[in-house]
Amino acid sequence: QVHLVETGGGLVQTGGSLRLSCTTSRRTFGNYALGWFRQAPGKDREFVAASGWSGGNEIYADSVQGRFTISRDNGKNTMYLQMDSLKVEDTAVYYCVTGPSGPAISKNVTNYWGQGTQVTVSS
């Protein structure tokens, strides 16, 4: 069983930045591909970014490419999503996920989900 906890959400102005964290205390992140999804109010969950278990194989949704950066520290069992140049349309609950691989996560194949953290971007 893998328990994931997201932190770092909050309120930010358009053009600002936030850094989300995802941590597990049960299993090592080194054994899992990791990623982020988001769900805006009234909308389906949307893939955001993914990273392979060894890092270095990063995949981003077109909507966030060039603005968001996924990274991981397997020694601390922590994954990060650095979000820059935030837009109002980035407003959503952001979820940390595990999956078989980065490409699998980008195709909505996932195993475990965190509880989510709210990101709100105001103009």
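Note: the structure precedes this text.
No experiment lies behind these values; they were computed from the predicted model shown.

Draft legend 1. Seen up close, the overall build of the protein. From N to C terminus, the protein includes 1 helix and 11 strands. Tracing the protein from N to C terminus, the helices and strands come up as β-β-β-β-β-β-β-β-β-α-β-β. For 123 residues, the compact-globule formula gives about 14 Å, and the C-alpha radius of gyration of the protein, at 13 Å, lands near that figure. Projecting the C-alpha coordinates of the protein onto the three principal axes gives extents of approximately 40 × 25 × 25 Å. Taken over 123 residues, the protein has a buried fraction of 46%. Taking the contacts inside the protein whose residues are at least 6 apart along the sequence as the reference set, 59% of them involve residues at least 24 apart. Accessible surface for the protein amounts to roughly 6100 Å². Of this, 47% is attributable to carbon and sulfur atoms. Between the averaged position of the 11 positive side-chain charges in the protein and that of its 9 negative side-chain charges there is a distance of 6 Å.

Draft legend 2. Seen up close, the packing of aromatic side chains. Applying the stated criterion across every chain yields a total of 3 aromatic pairs. Pairing Phe37 with Phe47 gives two aromatic rings, centres 5.7 Å apart and planes at 75°, and the pair type is edge-to-face. Of this pair, Phe37 sits in strand 4 (residues 33-39) while Phe47 sits in strand 5 (residues 45-51), and the two are 10 residues apart along the sequence. Take Phe37 and Phe47: they sit in the same class, and that class is buried. Ring geometry for Phe37 and Trp113: centres 5.1 Å apart, planes at 45°, overall tilted. A residue pair is termed long-range when its members are at least 10 positions apart, and Phe37 in strand 4 and Trp113 in strand 10 (residues 112-113) qualify at 76 residues.

Draft legend 3. Local environment of the pattern of salt bridges. One pass over the structure, following the stated rule, counts 3 salt bridges. Salt-bridge contacts for Arg38 lead to Asp90; the nearest nitrogen and oxygen are separated by 2.9 Å. Here Arg38 is found in strand 4, whereas its partner Asp90 is found in the loop between strand 8 (78-83) and strand 9 (92-99), with 52 residues between them in sequence. Exposure class is identical for Arg38 and Asp90. Each is buried. Linked by salt bridges that have partners in common, Arg38, Glu46, Arg67 and Asp90 make up one network.

Draft legend 4. Seen up close, the sheet that holds strand 3 (residues 18-23). Strand order across the open sheet formed by 4 strands is 1-3-8-7, with antiparallel pairing between neighbours. At either margin of the open sheet sits one strand with a lone partner, and together these are strand 1 (5-7) and strand 7 (68-73). Between one strand and the next, the sheet's axes are offset by a mean angle of 15°, whatever the strand orientation. Here 3 bridges tie strand 1 to strand 3, and the two strands are oriented antiparallel to one another. Within the sheet, the bridge partner assigned to Val5 lies in strand 3 and is Thr23.

Draft legend 5. Just the nonpolar core, in detail. In terms of nonpolar packing, the biggest core is built from 33 residues, with Trp36, Val48, Phe68, Met79, Leu81, Met83 and Tyr94 touching the most fellow members. Listing elements by their share of this core, those giving two or more residues are strand 3, strand 4, strand 5, strand 7, strand 8, strand 9 and strand 11 (117-122). Residues contacting Tyr94, with those up to four places away along its chain left out, are Glu6, Leu20, Trp36, Phe37, Arg38, Val48, Phe68, Leu81, Met83, Gly116, Thr117 and Val119.

How each quantity is defined
- Residues numbered from 1 in each chain as written.
- Predicted model: local features only at pLDDT ≥ 70, side-chain atom pairs only at ≥ 80, totals over all residues.
- Heavy atoms only, no water.
- Helix = DSSP H or I, 4+ residues; strand = E, 2+ residues; numbered from the N terminus.
- Rg over C-alpha atoms; globule rule 2.2 N^0.38 Å.
- Buried < 20%, exposed > 50% of the residue type's maximum accessible area, 1.4 Å probe, protein only.
- Contact = heavy atoms within 4.5 Å.
- Areas by Shrake-Rupley, 256 points an atom, 1.4 Å probe, with all protein chains shown as cover.
- Lys, Arg positive; Asp, Glu negative; His and termini not counted.
- Charge placed at Lys NZ, Arg CZ, Asp CG, Glu CD.
- Phe/Tyr/Trp six-rings, centres within 6.5 Å; stacked < 30°, edge-to-face > 60°.
- Salt bridge = Lys/Arg side-chain N within 4 Å of Asp/Glu carboxyl O.
- Pairing = 2+ DSSP bridges.
- Axes fitted to C-alpha atoms, helices over the stretch in contact; angles between N-to-C directions.
- Core = buried A, V, L, I, M, F, W, Y, C linked by side-chain atoms within 4.5 Å.

In short, the description is geometric, and any link to function would need to be established separately.
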